[in-house]
Number of protein chains: 2
Amino acid sequence: MPKPPLTDEIKTILAQPLAAVMASLRPDGSPLSVPTWYLLEDDGRILINMDDRRVRLEHVRQDPRVALTVLGESWYQHISLRGRIGEFKADTDFADIDRLSRHYGGNPYPDHEHPRTSAWIDIDHWHGWHV
Amino acid sequence: MPKPPLTDEIKTILAQPLAAVMASLRPDGSPLSVPTWYLLEDDGRILINMDDRRVRLEHVRQDPRVALTVLGESWYQHISLRGRIGEFKADTDFADIDRLSRHYGGNPYPDHEHPRTSAWIDIDHWHGWHV
């Protein structure tokens, strides 16, 4: 798998609001996968955002190693990344989840009640398939 | 997360050729995610099939714990499973990859040259979201 920096072609694909699945580790070391919204930041990191009620947030605080697969338009186009979460930040003003929600659906996130946390993934390796 | 058996509703969804991402573990315990074809067998296990040249096959032989997220028609419908591979079998006649390929695209798998291995996931837990 190539290491960062990402190529312009990969960045162009990741800049789209594509379906993505994130894998993280449970306390016993087993993998857990869930769909996620993501956003490629200008600095090359990947933003994700989690409801604080999700047990997954505890997991990634314990072990920040994650993987992300972003699915392209067709079955045969995908980008898979490996990395670790290098920064957590309480999304106190819901600015990050709103950014994500606008990116995917055009509107701010409807729930500004339940606390959320932003996390930024530092990419260690990436692999593009048919991109 | 509920434990097996799967409900009929979940089985009906999983019976479709949906986009899916599998998470497995690398030797250092970090997660790796890749898109995969899958097939729900009548016995409730999930069939996947790997090209023997994939390093992922070595990984899951070392640690058979995997997770699978199956994406529904919309963003908000998905099924995520956790489990472990309970059986590996050389797909010597390419019957399993052909079954998968027919399920997803209607045709047998075009490559009957490179050896492949079938693996069956025993589901430990599952979670359906908006299903």
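See above for the structure.
Keep in mind the model is a prediction, meaning the values are calculated, not measured.

(A) Seen up close, the sheet that holds strand β5 (residues 65–71) of chain A. All names here are of chain A. Strand order in the open sheet formed by seven strands is β2-β1-β5-β6-β7-β4-β3, with antiparallel pairing between adjacent strands. A single partner strand is all that each edge strand has here, and the edge strands are β2 (31–35) and β3 (39–40). Pairing of strand β1 (residues 20–25) with β5, which is carried by four bridges, proceeds in the antiparallel orientation. Directly across from A23, in β5, lies its bridge partner A67. Where helix α2 (residues 55–62) meets the sheet, its contacts fall on β1, β2, β4 (46–51), β5, β6 (78–90) and β7 (116–129), and the angle it forms with β1 comes to roughly 60°. On the sheet, helix α3 (residues 95–105) packs against β3, β4 and β7 and is oriented at approximately 110° with respect to β4.

(B) Broad picture of the interface of chain A and chain B. Listed by partner, the interface residues are 21 residues for chain A and 21 residues for chain B. At the level of elements, β1, β2, β5 and β6 of chain A are the ones that each hand at least two residues to the side of chain A that touches chain B. Element by element, the count of residues in the side of chain A that touches chain B is highest for β5 of chain A, at six residues. Looking at the side of chain A that touches chain B residue by residue, the classes come out as twelve nonpolar, seven polar and two charged.

(C) Layout of the pairing of strand β7 (residues 116–129) of chain B. All names here are of chain B. Pairing geometry for strand β4 (residues 46–51) and β7, over six bridges, is antiparallel. When the sheet's bridge partners are listed, I46 is paired in β7 with I121. With twelve bridges connecting them, strand β6 (residues 78–90) and β7 associate as antiparallel partners. Following the sheet pairing, K89 is matched in β7 by S118.

(D) Representation of unusual backbone geometry. Note the cis peptide between P4 of chain A and P5 of chain A, where omega equals 5°. Here P5 of chain A lies in the segment before α1 (8–14).

(E) Representation of helix α3 (residues 95–105) of chain B in the model. Residues and elements named next belong to chain B. Regarding α3, the residues found buried are D96, I97 and L100. One face of α3 carries all of its buried residues, which in axial projection span an arc of 95°. Buried positions along α3 lie against β3 (39–40), β4 and β7. One or two positions beyond α3, positive phi appears at G106, with a value near 90°.

Analysis parameters
Residues numbered from 1 in each chain as written. Chains lettered and ligands numbered in written order. Predicted model: local features only at pLDDT ≥ 70, side-chain atom pairs only at ≥ 80, totals over all residues. Pairing = 2+ DSSP bridges. Helix = DSSP H or I, 4+ residues; strand = E, 2+ residues; numbered from the N terminus. Contact = placed C-beta atoms within 7 Å. Axes fitted to C-alpha atoms, helices over the stretch in contact; angles between N-to-C directions. Nonpolar A, V, L, I, M, F, W, Y, C, P; charged D, E, K, R; others polar. Buried ≥ 20, exposed ≤ 12 C-beta atoms within 10 Å, placed from the backbone. Arc of directions from axis to C-beta.

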